[in-house]
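Structural overview
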Amino acid sequence: MSNEKNIKPGQIQGKKNLWEMVIGLEIHAQVSSQSKLFSGASTEFGKQANENVSLVDAAMPGMLPVINEHCIKQAIKSGHALGAKINKFSVFDRKNYFYADLPQGYQISQYKDPIVGEGSIKINDYENNEKIIGIERLHLEQDAGKSLHDQHPSKSFIDLNRTGVALMEIVSKPDLRTPEEAALYVKKVRSILRYIGSCDGNMEEGSLRADCNVSVRRSGEEFGTRCEIKNLNSTKFITQAIQYEAERQVEILEEGGKIDQETRLFDTSTGQTRSMRNKEDAHDYRYFPDPDLLPLKLDELLIDKIRDELPELPDKLSERLVNEYKITPYDASVIVEEKEFADYYEKAAQGRDGKLVANWMITELFGAIKKENLSFTENPVSPENLNELVFLIENNTISGKIAKDVFLYMVQTSKKPKDIVKEKGLEQVTDDSVIEGYIDNVINGNKDKVEEYLNGKDKLFGFFVGQVMKVSQGKANPNLVNQLLKSKLK
Amino acid sequence: MSELLTLNISQVLEGLKKKKFSAVELTRSYLDRIEETKALNMYLEISADKAITMAEKADENYKNNSARLLEGIPIGIKDMFCTESIKTTASSKILENFVPTYESTVSNKLWEEGAINLGKLSCDEFAMGSSNETAAQGNVINPWKVEETRSPGGSSGGSAAAVASKSALCTIGTDTGGSIRQPAAFCGIVGMKPTYGRCSRWGIIAFASSLDQAGPLTRNVSDSATMLKVMAGHDPKDSTSSLESVPNFNDFLDKGVKGLKIGIPEEYDRKGISEEILNSKEKVIDLLKQNGAEIVNVSLPLTKYALPVYYIVAPAEASSNLARYDGVRYGLRVDGDSLDDMYEKTRANGFGDEVKRRIMIGTYVLSSGYYDAYYLKAQKVRRLIKNEFDEVFKKVDYLLTPTTPTTSFKLGSTQDLLTMYLNDVFTVPASLAGIPGISVPIDLDKNGLPIGIQLLGKPFDEGGVFQVGKVIEDCAEFNFSPEGNFS
């Protein structure tokens, strides 16, 4: 048995063997668009049930789908941003199955010929390790409606508002090895899509969700049989579900069992996965090209034009922030996760020490926002105010410690740090004579300690610094305190 | 029977323009005639009030000299076309109470040009059939030799019989594998299936999306050209509808056949075809020669695969297209203990045998493990059939074939399904290739039943098909009408 301490993330130590996880993700990202993929109905969230339903969505007899050009462009844009090949020829297929919230009796999707082919994205973990994750494909498909089973004792209700809304299914290669990598990958894809505006990435509203394919193997072995965990809508659930599922599989395998390829559901209340349907019950979707839609042929000029119009993507931006503001790649990766963060940072860091601003933003600002349970857009501290706060630290108006108090007031009041400092009299004391006064006070009140210090107990120096700071209510400039104290205690 | 009923479209338009009779008079005559011919079981819905209102509007327009292309023309609509506020069932029990809130593009174009809606015409259930016997509301009786209760053909049986029995001036139908041409031949009228994509499919209940096409059923070629001009054209709501411009088809009618090359495919002289039909085809060939056409013997060796390919492709698409009839949102619902139980009971109850049969065939050929062997292979052969037509059209301008292997058979006489499916053997290849075809009546057989001949053309050359069709019509001088007591 190997030592527990040597187990790396993504590994599981069973009773007999050390196992590793193999993870692949299918992300379903709702395309940002006014209307649905094949109908003119609105995609607006939060409407009354069945308000956003056209004749096409309800699959009335004789209705035909017409492709939404905007959604095609969004898919091309996303393909470019994921570093992927755009296929000039793609086909819409019908995926046939019966369900009450699937009015047509089939979902229009892309099976053999997706609009976007292979690509890759980069993820950075907390230790600044970079990893390339392969993208297998991206295809467009229709979302289904929603069945409501809790509205009536014996009947189910159907809401077709989501029916026909455009989704991009982004399939990764099985390149992920830890639940954390899976979460980082989802965050990265989400971030990229939000940068280019092809998906709002709102996981709570279901605009972005993931199916996780999980298998385990002993190091160096072929891939094992995988299970698919459906419909996870937060990175927390993704990591939990993958960890649980991998452990479950290891337990079965070590007891001599085998894994059934099946679809599983994650129960957020128990943190466990359970079987939804096995391979035998799996639908035979009877895919075939939708005869109502012609194959999609894309013009090279359009593909190029969309590529040329792409905004600065997180990786490029992160690289630039590292170079321009001398921050660490990890800090940069946190800042570029959301476009708003990066925009905020660049304003706040204008003319300031970039590292200091990054620290304040990631530790204090994000911490405060989390504590106050706010979204970033509700953030009470403007980038100009954070900039000013760091300026006050840089020019010694306040110490870093006082700055933390000032920051708390800023969060509560949204006031300018200068005003707070003035109001509360928190300016740093840099006047030698004033500080000497504090020092004299301390020396006079601690004659015995001064004696000990002068007799060689050097360690007491810190005590004197602390006392002087206390007397100054934390406002004395620590460097000056050090300097003056040293000469006084000679 | 009113004399007005004997007039064709151009005569009616002329008469209305000259105020020899009014659109209301004409419409009343047709509504009376519909009552007289009720025993033929053609109309599922008669929109009498609506028709009179529309006729009044037409008369007003004539008065104001603002008459449109089909102002005052009484038309019957196959029940595959969704008609706003008028029950539309596709002759199926599963849609027995379905009233659309929308109008199909093609029927709407007719109303926009002033045509008058007489009502909805029976067909085979979901257009699946060649005899009109699969209609949930019972079969239509062919007006020819009415006492012998013969099939009007199918699936547009009601549409063909209504024109033949003068219960509509003209009608529209849909053709997936021969559903306009075969009933037109059985009923002694002209039936045109345009190029795939010529007419919008929006609002037409789908049977097989890659094959379905709307087309007119009329008394003569000229009426057919007039109708198609109005029906055709691109529709942004149907991605498969063509952007090809729509010419004035009537301009082609007097051009004759001099110098045109007409191909006679040898594969269409197959076993089982009636001797009389072959003889009448020879007669047409002679007439075309006399008019200056060049007759060329050609070969389309893949023809024999067309029917099997059709009976894979069409059911495959149908199995998916008909999935929406699930009892959830509209149409028949038979309650069950669970969702699946409700589905099963609704569909078991709502669909007839032929529809169920094709759904099962279609589901089978698309199933994993069978897809490559059936559906994919059929699609490949379909492509080859299309290529074969493209090749032959490099040598000839048109192809002449019989429309059907036999004339109308007695209702209930065809027990064997394969024999029934063989009815479409001459019409299916053009459907698979998406090319236009017309059936023109040319003669009566010894039993007094009409014989039709089929002329096929290049994609979007409906004009030329009308041109040659007109010559055939003029030479054949088919001036017969079904006689008998229809009430």
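Residues numbered from 1 in each chain as written. Chains lettered and ligands numbered in written order. Predicted model: local features only at pLDDT ≥ 70, side-chain atom pairs only at ≥ 80, totals over all residues.

1. Concerning the overall build of chain B
When you go through chain B residue by residue, the secondary structure sums to 15 helices and 11 strands. In terms of overall size, chain B behaves like a compact globule, its C-alpha atoms giving a radius of gyration of 21 Å where 487 residues would be expected to give roughly 23 Å. Evaluated residue by residue, chain B yields a buried proportion of 60% over its 487 residues. Counting only contacts in chain B whose residues sit at least 6 apart along the sequence, the fraction spanning at least 24 positions is 76%. (Helix = DSSP H or I, 4+ residues; strand = E, 2+ residues; numbered from the N terminus. Rg over C-alpha atoms; globule rule 2.2 N^0.38 Å. Buried ≥ 20, exposed ≤ 12 C-beta atoms within 10 Å, placed from the backbone. Contact = placed C-beta atoms within 7 Å.)

2. Some details on the overall build of chain A
When its secondary structure is counted, chain A shows 15 helices and 16 strands. Expected size for 490 residues packed as a compact globule is a radius of gyration near 23 Å; at 29 Å, chain A overshoots this value by more than 25%. Expressed as a percentage of its 490 residues, the buried residues of chain A come to 41%. For chain A, long-range pairs separated by at least 24 residues make up 68% of all intrachain contacts whose partners lie at least 6 apart in sequence.

3. A closer look at the environment of I443 of chain A
All names here are of chain A. Mapped onto the secondary structure, I443 falls in helix α12 (residues 432-445). You can call I443 partly exposed: it has 18 C-beta atoms within 10 Å. In the structure, I443 is positioned 237 residues away from G206 in sequence and 65 Å away in space, judged by C-alpha atoms. Residues within four places of I443 in sequence aside, it is in contact with V450 and K488.

4. Observations concerning the interface of chain A and chain B
Each partner contributes residues to the interface: chain A has 24 residues there, and chain B has 33 residues. Broken down by class, the residue content of the side of chain A that touches chain B amounts to 16 nonpolar, four polar and four charged. (Nonpolar A, V, L, I, M, F, W, Y, C, P; charged D, E, K, R; others polar.)

5. Regarding the sheet that holds strand β4 (residues 93-96) of chain A
All names here are of chain A. Here we have three strands laid out as an open sheet, ordered β5-β4-β15, and antiparallel in their pairing. The strands lining the two open edges of the sheet, one partner per strand, are β5 (106-109) and β15 (288-289). As judged from the four bridges shared by β4 and β5, these two strands associate in the antiparallel manner. Each residue of the ladder has a partner; that of R94, found in β5, is I108. (Pairing = 2+ DSSP bridges.)

6. Some details on the packing of helix α2 (residues 179-196) of chain A against helix α3 (residues 235-254) of chain A
Residues and elements named next belong to chain A. Relative orientation of the contacting elements α2 and α3 amounts to 150°, with a least axis distance of 8 Å. The orientation of α2 with respect to α3, classified from their angle, is roughly antiparallel. Handedness of the α2/α3 crossing: right-handed. Only T235, I238, T239, I242 and Q243 of α3 make contact with α2, whose side of the interface consists of P179, E180, A182, A183, V186 and K187. The residue makeup of the contact of α2 with α3, split by class, is six nonpolar, three polar and two charged. (Axes fitted to C-alpha atoms, helices over the stretch in contact; angles between N-to-C directions. Parallel < 35°, antiparallel > 145°, perpendicular 65-115°, else oblique. Left-handed = near helix turned anticlockwise from the far one by under 90°.)

7. Considerations on the domain arrangement of chain A
Residue and element names in this part refer to chain A. Its domain assignment divides chain A into domain 1 (12-306), domain 2 (312-424) and domain 3 (432-488). Using C-alpha coordinates to define each centre, domain 1 is positioned 35 Å away from domain 2. Each partner contributes to the interface: domain 1 provides 10 residues, whereas domain 2 provides 10 residues. Put simply, the parts of the chain that give the side of domain 1 that touches domain 2 at least two residues each are β6 (119-124) and α2. Top element by residues in the side of domain 1 that touches domain 2 is α2. It accounts for five residues. For the side of domain 1 that touches domain 2, the class distribution of residues is four nonpolar, three polar and three charged. (Domains from an automatic or database assignment.)

8. What about the sheet that holds strand β10 (residues 437-444) of chain B?
All names here are of chain B. Reading across the sheet, the 11 strands line up as β1-β3-β2-β4-β6-β5-β10-β11-β9-β7-β8 and stay open at both edges, with mixed pairing between neighbours. Each end of this open sheet is capped by a strand with a single partner; those strands are β1 (43-46) and β8 (294-298). Between one strand axis and the next, the sheet turns through 30° on average, direction left out of account. Summarising the sheet, β1 and strand β3 (residues 116-121) pair through three bridges and their orientation is antiparallel. In the sheet register, E45 faces β3, and the bridge partner there is K120. Running at roughly 155° to β3, helix α3 (residues 48-63) makes contact with β1, β2 (74-78) and β3 of the sheet.

9. Quick look at the pairing of strand β11 (residues 450-456) of chain B
Residue and element names in this part refer to chain B. Burial analysis of β11 places seven of its seven residues in the buried class, which makes it a mostly covered element. Of the two faces of β11, the one holding P450, G452, Q454 and L456 and the one holding I451, I453 and L455 are both buried throughout. Adjacent in sequence and paired antiparallel, β10 and β11 are bridged by five residues, among which G448 carries a positive phi angle near 80°.

10. Considerations on the pairing of strand β7 (residues 130-142) of chain A
All names here are of chain A. Across six bridges, β6 lies against β7 in antiparallel orientation. By the bridge assignment, K122 is partnered in β7 with I132. Linking β6 to β7, which pair antiparallel, is a turn of five residues; within it N128 sits at a positive phi near 65°. As paired elements, β7 and strand β10 (residues 166-172) share seven bridges and run antiparallel to each other. Note that in β10 the partner of L138 across the bridge is I170.

11. Structural notes on the nonpolar core
Ranked by size, the top nonpolar core spans 218 residues in total, and within it A182, C212 and I238 of chain A together with I75, I116, Y398 and L455 of chain B carry the most contacts. With sequence-adjacent residues up to four places away left out, L455 of chain B is seen in contact with Y398, L400, G437, I438, V440, V465, V468, G469 and I472 of chain B. (Core = buried A, V, L, I, M, F, W, Y, C linked by C-beta atoms within 7 Å.)

12. Regarding unusual backbone geometry
Put simply, G154 of chain B and S155 of chain B share a cis peptide bond, and its omega is 10°. The phi dihedral of S85 of chain B falls on the positive side, at around 65°, and the residue is not glycine.

13. Thoughts on helix α8 (residues 275-290) of chain B
Residue and element names in this part refer to chain B. With 16 residues, α8 should reach 22 Å at 1.5 Å per residue; the first-to-last C-alpha distance of 23 Å fits that figure. Here α8 has its buried residues at I277, S280, K281, V284 and L288. The arc enclosing the buried residues of α8, seen along the axis, measures out at 105°, which places them on a common side. Exposed residues on α8 whose side chains face more than 90 degrees from its buried face are E275, N279, E282, D286 and Q290. The secondary structure elements touched by the buried residues of α8 are β7 (261-265), β8, β9 (398-402), β10, β11 and α15 (462-476). One or two steps after α8, the chain reaches G292, where phi turns positive at roughly 100°. (Expected span 1.5 Å × (residues − 1). Arc of directions from axis to C-beta.)

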